[in-house]
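One-letter residues, chain by chain:
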Amino acid sequence: MQVPPFSLSRQLSDLGQELDAAVLKVLHSGQFVGGLEVTTFEESFAEFIRVPFAVSCNSGTDALILALRALEIGVGDEVITTSFSFFATAEAISAVGALPVFVDVNPDNYLIELDDIEAVITSATKAILPVHLFGCPVDMKRLRQIAEKHHLKIIEDCAQAAGTEWDGEPVGSWGDVGCFSFFPTKNLGAAGDAGAITTKDKLIAQRIRELAVHGMPRRYLHSHLGYNSRLDAIQAAILNLKLSRLNGWVEQRGIIASRYTELLEGVKGIRLPASINSKAGRHSWNQFVIQVHSNNQFSSSNQDNRDCLKSRLEDRGVYTIIYYPIPIHRQPAYMNMTFSKMKLPFTDKLCSEVLSLPIFPEISEKEQVHVADSIKEILSN
């Protein structure tokens, strides 16, 4: 049995002729940039996140950059964030001329350690950029208290968290802005790059909208140096179709995560991801990430142990992904900023131990059993 880490073909097959019709409608309309599909998606997504405004853009990375620019964060400013994330989280901060300031993660949920934030706040700190990693929500009530106490902006990185909630409210509605990616493997995925920024502030929304189109408040008037970061109409049409199914897909991901937990509970050598109390929030399970501990049957090195399990699973037809093998502060791009000397012990530990198991709404129970049985067999030999 072959179990992929993610399958787009099954989702596309389920959407069938509806998806074909949506794309063909755009092609026949001749309206490829802007237009009704884009407007409809922005309005629908804003309603989904329960905010007045959503501005679409080219990608999740652009969403972060546009949000930072709209909040007037730039050269000389500092933004507190996590090193255990995709590179774009910090890259966007650097792209606007600001400095990312990394704090460690909480070892239980892999999210930014809220207890460490206040210790790194300086006069140059302008914002906190939490990441709802793998679909797990940050405690936004507590983070907002910290931000308000120190008069800081909040930019939520919701790239992996469409459908995630904290205390009954969607992520992307708690901060000054929420930044989403619709990369094809996300819970809500386009057929290419796509993104959006959500906000409750009309002025911020207008700034973002202008920056996304060459800094134009109106045609051929350029008040800022902006970007060409527009959502294609075809991508908007696909997202419009998928958005109505998102809650169902998130619920299914929760069922899949619960099944993995039941199948792997008590297996020695691994640690399962922490679940979320339903009263506190909703995990959208963009990834189901286990930690592989070191033990004598593989090697004395955590990373070798994790990589060995990954390799042996592939021999059994189970394909996994490592998110992330190198933390941002140890990436070559940041070596000249002395980040590599930072002490983020839990972040470093996670990068040597994490392994993401196959998860997507269409995965079958039989496939999950095969994944779990394969792990048990490997770890017991």
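In what follows, the structure referred to is the one given above.
Nothing here was measured: the structure is a model prediction, and the numbers come from that model.

Cut-offs applied
Residues numbered from 1 in each chain as written. Predicted model: local features only at pLDDT ≥ 70, side-chain atom pairs only at ≥ 80, totals over all residues. Heavy atoms only, no water. Salt bridge = Lys/Arg side-chain N within 4 Å of Asp/Glu carboxyl O. Helix = DSSP H or I, 4+ residues; strand = E, 2+ residues; numbered from the N terminus. Buried < 20%, exposed > 50% of the residue type's maximum accessible area, 1.4 Å probe, protein only. Pairing = 2+ DSSP bridges. Polar contact = N/O pair within 3.5 Å; in protein donor to acceptor, adjacent residues only side chain to side chain.

Peer 1: When you look at the pattern of salt bridges in this model, what are you seeing that I'm missing?
Peer 2: Proximity of charged atoms lets side chains of opposite charge pair with each other. This model, assessed by the stated rule, comprises 16 salt bridges. A salt bridge links Lys 310 to Glu 314, with the nearest nitrogen and oxygen atoms 3.7 Å apart. Of this pair, Lys 310 and Glu 314 both sit in helix α9 (residues 302-315), separated by four residues, roughly a single helical turn. Looking at Glu 314, the relative accessible area reads 33%, which means it is partly exposed. Overlapping salt bridges bring together Arg 50, Glu 165 and Glu 169 as one network.

Peer 1: Sorry, what's going on with the sheet that holds strand β6 (residues 165-166) here?
Peer 2: Sheet strands pair by backbone hydrogen bonding; their relative direction is either parallel or antiparallel. Ordered in space as β7-β6-β11, the three strands form an open sheet in which the pairing is antiparallel. Each edge of the sheet is formed by a strand with only one pairing partner; in this case those strands are β7 (169-170) and β11 (281-282). Sheet topology note: the β6/β11 ladder contains two bridges and is antiparallel. Paired with Glu 165 across the strands is Arg 282, a residue of β11.

Peer 1: So what exactly am I meant to see when it comes to the side chain of Thr 199 here?
Peer 2: Tracing the chain through its elements places Thr 199 in strand β9 (residues 195-199). Accessibility expressed as a relative area gives 2% for Thr 199, which makes it buried. A polar contact is formed between the side chain of Thr 199 and the backbone oxygen of Asp 176, at a distance of 2.8 Å. A polar contact of 3.1 Å, which involves the side chain of Thr 199, links it to the backbone nitrogen of Asp 201.

Peer 1: Got a minute to help me understand unusual backbone geometry in this structure?
Peer 2: As a rule of thumb, non-glycine residues mostly have phi less than zero, and peptide bonds are mostly trans rather than cis. Here Tyr 323 and Tyr 324 are connected by a cis peptide whose omega angle stands at 10 degrees. Phi at Arg 50 is positive, roughly 65 degrees, even though this residue is not glycine. Overall, the relative accessible area of 44% leaves Arg 50 in the partly exposed class. The backbone phi angle of His 151 is positive, close to 60 degrees, even though this residue is not glycine. Following the sequence through the fold, His 151 ends up in the loop between α5 (140-149) and β5 (153-157).

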